[in-house]
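Architecture and fold: a report
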Amino acid sequence: MDYQNIIVETHGRVGLIRLNRPKQLNALNDALVDELGHALDVFEADEGIGAIVITGSEKAFAAGADIAAMANFSYMDAYKGNYITRNWERVKTCRKPVIAAVAGFALGGGCELAMMCDLIIAADNAKFGQPEVKLGILPGAGGTQRLPRAVGKAKAMEMCLTGRFMDAEEAERSGLVARVVPAERLLEDALETAKTIASYSLPVVMMIKECVNRAYESPLNEGLLFERRTFHSSFALEDQKEGMAAFLEKRAPQFKHR
Ligand code: CAA
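Residue positions are counted from 1 within each chain, in the order its sequence is given. Residues qualify for local features only when their pLDDT is at least 70, as the model is predicted, and side-chain atom pairs are given and counted only at 80 or more; totals for whole chains, interfaces and linings, by contrast, use all residues. Hydrogens and water are ignored here; the side-chain numbers use all heavy atoms of the structure.

The name an unreviewed UniProt entry gives the protein chain is enoyl-CoA hydratase, with Tepidiphilus thermophilus as the organism. UniProt positions are given in the numbering used here, feature names are shortened, and annotations may be inferred rather than shown by experiment. Listed in UniProt under the heading Sequence similarities (unreviewed entry), the comment for the protein chain reads: "Belongs to the enoyl-CoA hydratase/isomerase family." In UniProt, the protein chain has this text filed under Function (unreviewed entry): "Could possibly oxidize fatty acids using specific components."

To continue, consider empty space enclosed by the protein. A water-sized probe rolled over the atoms picks out the places where empty space is left. With a 1 Å grid spanning the protein atoms alone, the term cavity applies to any set of points in which a 1.4 Å probe fits but cannot get out, the term pocket to an open set with protein on both sides within 12 Å along at least five of seven lines, and the term lining residue to any residue with an atom within 4 Å of a point. Grid points are joined across faces, edges and corners, and a volume is the space filled by probe spheres set on the points. This structure, assessed with the given rule, holds one cavity of 30 Å³ or more. Reported here for the largest cavity is a volume of approximately 30 Å³. Around the largest cavity, the lining residues are Leu28, Val33, Leu36, Trp88, Val91 and Leu113. For the purposes of this entry, the term helix denotes a DSSP run of H or I that reaches at least four residues, the term strand denotes a run of E that reaches at least two, and both are numbered from the N terminus. For the lining of the largest cavity, the secondary-structure elements that each account for two or more residues are α1 (30-45) and α4 (85-93). Residue classes in the lining of the largest cavity are distributed as six nonpolar, no polar and no charged. Residue type decides the class: Asp, Glu, Lys and Arg count as charged, Ala, Val, Leu, Ile, Met, Phe, Trp, Tyr, Cys and Pro as nonpolar, and the leftover types, Gly among them, as polar.

Two strands in a sheet stick together by hydrogen bonds in their backbones, pointing the same way (parallel) or opposite ways (antiparallel). Pairing is mixed in the open sheet, where six strands are placed in the order β1-β2-β3-β5-β7-β10. The outermost strands of the open sheet, each flanked by one partner alone, are β1 (6-11) and β10 (179-181). Averaged over neighbouring strand pairs, the angle between their axes works out to 20° when direction is ignored. Paired strands, as defined in this entry, are two strands with at least two bridges between them according to DSSP. Sheet topology places strand β3 (residues 51-55) next to strand β5 (residues 98-102); four bridges connect them, and they run parallel. What sits directly across from Ile54, in β5, is Ala100. Orientation is described by axes fitted as lines to C-alpha atoms, over the contacting stretch for helices, and by angles from 0 to 180 degrees between their N-to-C directions.

Shown next, in the form of C-alpha coordinates:
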(Lines give C-alpha, C1' and ligand atoms only; values in the text may rest on other atoms or scores of the structure.)
Protein backbone atom coordinates (compact mmCIF):
# COMPACT_ATOMS: atom_id res chain seq x y z
CA MET A 1 0.00 0.00 0.00
CA ASP A 2 1.22 3.47 -0.90
CA TYR A 3 0.78 5.50 2.29
CA GLN A 4 -0.18 9.19 2.05
CA ASN A 5 -0.82 9.97 5.72
CA ILE A 6 1.70 7.90 7.63
CA ILE A 7 5.38 7.02 7.29
CA VAL A 8 6.40 3.47 8.08
CA GLU A 9 9.90 2.35 9.05
CA THR A 10 11.50 -0.67 10.64
CA HIS A 11 14.27 -0.41 13.23
CA GLY A 12 15.56 -3.92 13.78
CA ARG A 13 12.68 -5.85 15.32
CA VAL A 14 10.64 -2.69 15.93
CA GLY A 15 8.02 -1.32 13.55
CA LEU A 16 7.65 2.46 13.61
CA ILE A 17 4.57 4.29 12.35
CA ARG A 18 4.75 8.09 12.12
CA LEU A 19 1.42 9.89 11.75
CA ASN A 20 2.04 12.37 8.97
CA ARG A 21 -0.54 15.06 8.27
CA PRO A 22 1.60 17.96 9.51
CA LYS A 23 -0.61 20.78 8.18
CA GLN A 24 -3.58 19.42 10.13
CA LEU A 25 -1.53 18.54 13.24
CA ASN A 26 -2.10 14.87 12.39
CA ALA A 27 -5.89 15.18 12.64
CA LEU A 28 -7.20 11.67 12.25
CA ASN A 29 -9.33 11.21 9.14
CA ASP A 30 -10.55 7.90 7.72
CA ALA A 31 -7.70 7.69 5.22
CA LEU A 32 -5.08 8.01 7.97
CA VAL A 33 -6.76 5.53 10.29
CA ASP A 34 -7.21 3.04 7.40
CA GLU A 35 -3.50 3.33 6.62
CA LEU A 36 -2.61 2.93 10.29
CA GLY A 37 -4.70 -0.25 10.37
CA HIS A 38 -3.00 -1.56 7.25
CA ALA A 39 0.47 -0.86 8.67
CA LEU A 40 -0.48 -2.68 11.87
CA ASP A 41 -1.71 -5.64 9.79
CA VAL A 42 1.65 -5.76 8.00
CA PHE A 43 3.70 -5.52 11.22
CA GLU A 44 1.49 -8.07 12.95
CA ALA A 45 2.04 -10.56 10.12
CA ASP A 46 5.80 -9.91 9.99
CA GLU A 47 7.71 -12.47 12.06
CA GLY A 48 10.67 -10.08 12.17
CA ILE A 49 8.69 -7.51 14.20
CA GLY A 50 8.29 -7.89 17.95
CA ALA A 51 6.93 -4.48 18.99
CA ILE A 52 5.45 -1.38 17.37
CA VAL A 53 5.83 2.34 18.09
CA ILE A 54 3.29 4.94 16.96
CA THR A 55 4.41 8.55 17.02
CA GLY A 56 3.53 11.94 15.56
CA SER A 57 5.53 15.13 15.13
CA GLU A 58 7.24 17.37 17.68
CA LYS A 59 4.18 19.62 17.69
CA ALA A 60 1.41 17.03 17.68
CA PHE A 61 0.92 13.35 18.24
CA ALA A 62 -2.58 13.99 16.90
CA ALA A 63 -4.93 16.94 17.50
CA GLY A 64 -7.99 14.70 17.38
CA ALA A 65 -10.41 13.32 14.86
CA ASP A 66 -10.57 15.48 11.73
CA ILE A 67 -13.14 18.16 12.57
CA ALA A 68 -13.47 19.33 8.96
CA ALA A 69 -14.25 15.78 7.82
CA MET A 70 -17.09 15.27 10.31
CA ALA A 71 -18.48 18.79 10.71
CA ASN A 72 -21.42 18.10 8.40
CA PHE A 73 -22.10 14.51 9.42
CA SER A 74 -25.72 13.54 9.91
CA TYR A 75 -26.65 10.98 12.54
CA MET A 76 -26.97 8.42 9.70
CA ASP A 77 -23.49 9.26 8.38
CA ALA A 78 -22.07 8.53 11.82
CA TYR A 79 -24.27 5.58 12.76
CA LYS A 80 -24.66 3.74 9.46
CA GLY A 81 -21.10 4.56 8.47
CA ASN A 82 -20.00 2.96 11.77
CA TYR A 83 -17.79 6.01 12.43
CA ILE A 84 -14.84 5.23 14.74
CA THR A 85 -15.78 1.56 15.22
CA ARG A 86 -15.20 0.79 11.53
CA ASN A 87 -11.45 1.27 11.55
CA TRP A 88 -10.13 2.65 14.87
CA GLU A 89 -10.53 -0.66 16.68
CA ARG A 90 -7.55 -2.15 14.83
CA VAL A 91 -5.12 -0.60 17.33
CA LYS A 92 -7.01 -2.28 20.16
CA THR A 93 -6.94 -5.71 18.50
CA CYS A 94 -3.20 -5.70 17.75
CA ARG A 95 -1.65 -8.63 19.63
CA LYS A 96 1.90 -7.32 19.55
CA PRO A 97 2.80 -4.58 22.04
CA VAL A 98 2.19 -1.04 20.78
CA ILE A 99 3.88 1.99 22.36
CA ALA A 100 2.59 5.53 21.82
CA ALA A 101 5.46 8.04 21.74
CA VAL A 102 3.67 11.33 22.35
CA ALA A 103 5.09 14.83 21.81
CA GLY A 104 2.95 17.95 21.65
CA PHE A 105 -0.83 17.72 21.41
CA ALA A 106 -2.65 14.46 22.04
CA LEU A 107 -6.20 15.76 22.02
CA GLY A 108 -9.59 14.17 21.55
CA GLY A 109 -9.12 11.18 19.25
CA GLY A 110 -5.35 11.73 19.54
CA CYS A 111 -5.48 11.20 23.30
CA GLU A 112 -7.83 8.26 22.73
CA LEU A 113 -5.50 6.71 20.16
CA ALA A 114 -2.59 7.02 22.59
CA MET A 115 -4.67 5.36 25.31
CA MET A 116 -5.55 2.46 22.97
CA CYS A 117 -1.83 1.68 22.84
CA ASP A 118 -0.30 -0.52 25.53
CA LEU A 119 1.78 2.22 27.06
CA ILE A 120 2.49 5.86 26.52
CA ILE A 121 5.92 7.48 26.69
CA ALA A 122 5.57 11.27 26.72
CA ALA A 123 7.89 14.09 25.74
CA ASP A 124 8.11 16.88 28.28
CA ASN A 125 6.07 19.12 25.92
CA ALA A 126 3.16 16.66 25.66
CA LYS A 127 -0.37 17.89 26.30
CA PHE A 128 -3.28 15.51 26.75
CA GLY A 129 -6.92 16.48 26.62
CA GLN A 130 -10.49 15.60 25.68
CA PRO A 131 -11.72 18.97 24.41
CA GLU A 132 -14.72 17.56 22.48
CA VAL A 133 -17.13 19.34 24.82
CA LYS A 134 -15.99 22.64 23.27
CA LEU A 135 -17.17 21.37 19.86
CA GLY A 136 -20.60 20.34 21.05
CA ILE A 137 -19.77 16.62 21.03
CA LEU A 138 -18.33 14.10 23.44
CA PRO A 139 -15.31 11.79 23.21
CA GLY A 140 -16.15 8.95 20.83
CA ALA A 141 -13.10 6.72 20.73
CA GLY A 142 -12.91 5.67 24.35
CA GLY A 143 -12.06 8.91 26.17
CA THR A 144 -14.87 8.65 28.72
CA GLN A 145 -13.92 5.02 29.41
CA ARG A 146 -10.14 4.72 29.22
CA LEU A 147 -9.28 8.08 30.81
CA PRO A 148 -11.06 7.32 34.13
CA ARG A 149 -9.36 3.93 34.22
CA ALA A 150 -5.99 5.64 33.72
CA VAL A 151 -6.27 8.76 35.90
CA GLY A 152 -9.35 8.15 38.07
CA LYS A 153 -12.83 9.63 37.93
CA ALA A 154 -12.11 13.12 39.32
CA LYS A 155 -9.46 14.13 36.79
CA ALA A 156 -11.17 12.35 33.89
CA MET A 157 -14.49 13.98 34.66
CA GLU A 158 -12.83 17.38 34.96
CA MET A 159 -10.92 16.99 31.69
CA CYS A 160 -13.94 15.74 29.72
CA LEU A 161 -16.32 18.34 31.19
CA THR A 162 -14.03 21.38 30.91
CA GLY A 163 -11.69 20.44 28.06
CA ARG A 164 -8.68 21.29 30.24
CA PHE A 165 -5.34 19.95 28.99
CA MET A 166 -3.03 17.92 31.19
CA ASP A 167 0.71 18.48 30.79
CA ALA A 168 3.30 15.70 30.73
CA GLU A 169 4.28 16.07 34.37
CA GLU A 170 0.67 15.80 35.56
CA ALA A 171 0.06 12.92 33.14
CA GLU A 172 2.94 10.96 34.65
CA ARG A 173 1.87 11.78 38.21
CA SER A 174 -1.68 10.66 37.38
CA GLY A 175 -0.67 7.35 35.81
CA LEU A 176 -1.62 8.19 32.22
CA VAL A 177 1.93 7.83 30.92
CA ALA A 178 4.68 5.40 31.81
CA ARG A 179 7.50 7.92 31.60
CA VAL A 180 8.33 11.49 30.60
CA VAL A 181 11.53 12.17 28.66
CA PRO A 182 13.08 15.31 27.13
CA ALA A 183 11.38 15.97 23.77
CA GLU A 184 14.61 15.50 21.82
CA ARG A 185 15.04 12.01 23.27
CA LEU A 186 11.45 10.80 22.83
CA LEU A 187 11.82 8.64 19.75
CA GLU A 188 15.16 7.18 20.80
CA ASP A 189 13.73 6.27 24.19
CA ALA A 190 10.52 4.77 22.78
CA LEU A 191 12.48 2.72 20.22
CA GLU A 192 14.85 1.53 22.95
CA THR A 193 11.91 0.44 25.11
CA ALA A 194 10.31 -1.32 22.12
CA LYS A 195 13.63 -3.02 21.28
CA THR A 196 13.87 -4.36 24.82
CA ILE A 197 10.35 -5.80 24.58
CA ALA A 198 11.08 -7.21 21.11
CA SER A 199 14.17 -9.02 22.42
CA TYR A 200 12.05 -11.29 24.61
CA SER A 201 9.99 -14.33 23.65
CA LEU A 202 7.09 -13.00 21.55
CA PRO A 203 4.48 -15.50 22.81
CA VAL A 204 5.38 -14.59 26.39
CA VAL A 205 5.13 -10.87 25.62
CA MET A 206 1.74 -11.45 23.99
CA MET A 207 0.55 -13.45 27.00
CA ILE A 208 1.64 -10.67 29.38
CA LYS A 209 -0.22 -8.09 27.29
CA GLU A 210 -3.33 -10.26 27.28
CA CYS A 211 -3.18 -10.75 31.04
CA VAL A 212 -2.65 -7.07 31.90
CA ASN A 213 -5.53 -6.10 29.59
CA ARG A 214 -7.70 -8.71 31.29
CA ALA A 215 -7.30 -6.72 34.52
CA TYR A 216 -9.49 -4.03 32.92
CA GLU A 217 -12.16 -6.41 31.70
CA SER A 218 -12.83 -8.89 34.47
CA PRO A 219 -13.38 -9.16 38.23
CA LEU A 220 -10.18 -9.81 40.22
CA ASN A 221 -10.80 -13.52 40.76
CA GLU A 222 -11.48 -14.12 37.05
CA GLY A 223 -8.39 -12.13 36.14
CA LEU A 224 -6.26 -14.08 38.60
CA LEU A 225 -7.58 -17.37 37.23
CA PHE A 226 -6.84 -16.22 33.67
CA GLU A 227 -3.32 -15.22 34.72
CA ARG A 228 -2.72 -18.51 36.55
CA ARG A 229 -3.84 -20.64 33.58
CA THR A 230 -1.77 -18.56 31.19
CA PHE A 231 1.21 -18.82 33.56
CA HIS A 232 0.80 -22.62 33.64
CA SER A 233 0.71 -22.70 29.83
CA SER A 234 4.02 -20.83 29.65
CA PHE A 235 5.72 -24.05 30.81
CA ALA A 236 4.80 -25.53 27.42
CA LEU A 237 7.08 -23.01 25.70
CA GLU A 238 10.58 -23.86 24.50
CA ASP A 239 11.48 -20.29 25.44
CA GLN A 240 10.64 -20.99 29.09
CA LYS A 241 13.14 -23.88 29.07
CA GLU A 242 15.71 -21.67 27.37
CA GLY A 243 15.12 -18.65 29.64
CA MET A 244 15.49 -20.64 32.83
CA ALA A 245 18.41 -22.74 31.56
CA ALA A 246 20.22 -19.56 30.52
CA PHE A 247 19.72 -18.07 33.98
CA LEU A 248 21.03 -21.20 35.69
CA GLU A 249 23.98 -21.45 33.29
CA LYS A 250 24.73 -17.73 33.78
CA ARG A 251 24.46 -16.85 30.08
CA ALA A 252 22.21 -14.71 27.89
CA PRO A 253 19.06 -16.51 26.68
CA GLN A 254 18.60 -17.26 22.99
CA PHE A 255 14.84 -17.08 22.61
CA LYS A 256 13.61 -19.07 19.63
CA HIS A 257 10.14 -17.60 19.23
CA ARG A 258 10.89 -13.95 18.80
N1 CAA B 1 -9.25 18.50 12.85
C2 CAA B 1 -9.00 19.17 11.71
N3 CAA B 1 -8.07 20.14 11.59
C4 CAA B 1 -7.34 20.42 12.71
C5 CAA B 1 -7.56 19.77 13.93
C6 CAA B 1 -8.56 18.76 13.98
N7 CAA B 1 -8.81 18.06 15.10
N8 CAA B 1 -6.71 20.29 14.86
C9 CAA B 1 -5.98 21.23 14.21
N10 CAA B 1 -6.38 21.31 12.91
C11 CAA B 1 -5.85 22.20 11.87
C12 CAA B 1 -6.34 23.64 12.09
O13 CAA B 1 -7.64 23.80 11.54
C14 CAA B 1 -5.29 24.43 11.34
O15 CAA B 1 -5.56 24.35 9.98
P16 CAA B 1 -5.38 25.69 9.04
O17 CAA B 1 -3.90 26.00 9.12
O18 CAA B 1 -5.82 25.21 7.70
O19 CAA B 1 -6.21 26.75 9.65
C20 CAA B 1 -4.01 23.61 11.60
O21 CAA B 1 -4.44 22.29 11.98
C22 CAA B 1 -3.16 24.16 12.71
O23 CAA B 1 -3.99 24.33 13.85
P24 CAA B 1 -4.08 25.70 14.70
O25 CAA B 1 -3.85 26.88 13.79
O26 CAA B 1 -5.36 25.69 15.46
O27 CAA B 1 -2.81 25.52 15.64
P28 CAA B 1 -2.60 26.10 17.12
O29 CAA B 1 -1.19 25.80 17.46
O30 CAA B 1 -3.07 27.51 17.20
O31 CAA B 1 -3.58 25.24 18.06
C32 CAA B 1 -4.61 23.18 18.86
C33 CAA B 1 -3.35 23.85 18.22
C34 CAA B 1 -4.79 23.68 20.29
C35 CAA B 1 -4.32 21.70 18.84
C36 CAA B 1 -5.85 23.53 18.02
O37 CAA B 1 -5.58 23.25 16.65
C38 CAA B 1 -7.07 22.76 18.40
O39 CAA B 1 -7.72 23.08 19.38
N40 CAA B 1 -7.42 21.70 17.61
C41 CAA B 1 -8.63 20.95 17.81
C42 CAA B 1 -8.49 20.00 19.00
C43 CAA B 1 -9.78 19.25 19.19
O44 CAA B 1 -10.82 19.82 19.44
N45 CAA B 1 -9.72 17.91 19.08
C46 CAA B 1 -10.89 17.05 19.25
C47 CAA B 1 -11.46 16.71 17.89
S48 CAA B 1 -12.98 15.83 18.00
C49 CAA B 1 -12.56 14.22 18.33
O50 CAA B 1 -11.41 13.88 18.42
C51 CAA B 1 -13.72 13.26 18.49
C52 CAA B 1 -13.34 11.90 19.01
O53 CAA B 1 -13.39 11.65 20.19
C54 CAA B 1 -12.97 10.83 18.10
